[in-house]
Amino acid sequence: MTDAAVESDLGSDPSSIAHKKWKGFLVLGLALFIGGACSVAVPVVSTFASSVVFGIILIAVGIVKIIQSLQVKNWTGFVWQELTGLVELIGGFMVYFNPLKGAMAITLLIASVISFKAFYKLRSHSR
C-alpha cells in the first residue's frame, strides 16, 4: 500500500487515525495491561523470561564483539575486546541455561555496585 493510499484511507490527521482504529488500540492497551498485571502477580515467571532474554542478548553481544575484534587484530585493545567478548558469551550461556541463578547473580551485582557507591559517597562526605 502506498503512502497516498494509506493517507487517503485514514486521513492525514493523527487523531482521525486513532479515532478510526480505536478498537485495535483498546485491544493493545488491554493486552499490555494484562501482561503487566501477570508480571506483577507472578514475578518468578517475569524474572525467568527477562533472564532468558538477557542471556540471549549477552550471547549475541559476545559473538559480535569477538567477530569485530578479530577484524582489527592489530588494535591495541584487541586482547581486552576478545576477553570481554568471551566473558559476555560465557555469561550469556550461563544466564540462558540457568535463568533464576542468573537473575540472583545480577541482583547481587547491582546491590554490590550500589553499596560500593554508597560507601564511597559516605566516606567522601565524612572528610
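Use the structure listed above.
Structural notes, computed from the coordinates. (Residues numbered from 1 in each chain as written. Predicted model: local features only at pLDDT ≥ 70, side-chain atom pairs only at ≥ 80, totals over all residues. Heavy atoms only, no water.)

1. Focus on the overall build of the protein
Working step 1: The helix and strand inventory of the protein stands at six helices and zero strands.
Working step 2: Counting from the amino terminus, the protein carries its helices and strands in the arrangement α-α-α-α-α-α.
Working step 3: Long-range pairs, those at least 24 residues apart, make up 51% of the contacts in the protein between residues at least 6 apart in sequence.
Working step 4: Total accessible area computed for the protein in this model is approximately 10000 Å², and 74% of it derives from carbon and sulfur atoms. (Helix = DSSP H or I, 4+ residues; strand = E, 2+ residues; numbered from the N terminus. Contact = heavy atoms within 4.5 Å. Areas by Shrake-Rupley, 256 points an atom, 1.4 Å probe, with all protein chains shown as cover.)

2. So, the side chain of Q81
Working step 1: For Q81, the location among the structural elements is in helix α5 (residues 78–97).
Working step 2: If we ignore the near neighbours within four places in the chain, the residues touching Q81 are K65, Q68, S69 and W75.

3. What to know about a nonpolar patch on the surface
Working step 1: Taken together, the side chains of W22, L26, L30, F33 and I34 present a nonpolar region at the surface, about 560 Å² in accessible area.
Working step 2: Residue placement: W22 occurs in helix α3 (residues 22–41). (Patch = residues over 30% accessible without salt bridge, like charges linked within 9 Å, V, L, I, M, F, W, Y side chains within 5 Å. Salt bridge = Lys/Arg side-chain N within 4 Å of Asp/Glu carboxyl O.)

4. Comments concerning the packing of aromatic side chains
Working step 1: Summed over all chains, the structure comprises four aromatic pairs.
Working step 2: With 5.1 Å between their ring centres and 85° between their planes, F119 and Y120 make a pair best called edge-to-face.
Working step 3: When its relative accessible area of 38% is taken as the criterion, Y120 is described as partly exposed.
Working step 4: One aromatic cluster is present, formed by F93, Y96 and F97 through successive ring pairs. (Phe/Tyr/Trp six-rings, centres within 6.5 Å; stacked < 30°, edge-to-face > 60°. Buried < 20%, exposed > 50% of the residue type's maximum accessible area, 1.4 Å probe, protein only.)

5. Digging into α5
Count 3.6 residues to each turn of an α-helix, and residues three or four apart come out pointing the same way.
Working step 1: Over its 20 residues, α5 runs 29 Å from end to end, which matches the ideal 28 Å to within 8%, given 1.5 Å per residue.
Working step 2: Within the sequence span of α5, burial applies to F78, Q81, G85, L89, G92 and V95. For α5, the angular spread of buried residues about the axis comes to 135°, placing them on one side. For α5, the exposed residues lying more than 90 degrees away from the buried face are W80, V87, M94 and F97. (Expected span 1.5 Å × (residues − 1). Arc of directions from axis to C-beta.)

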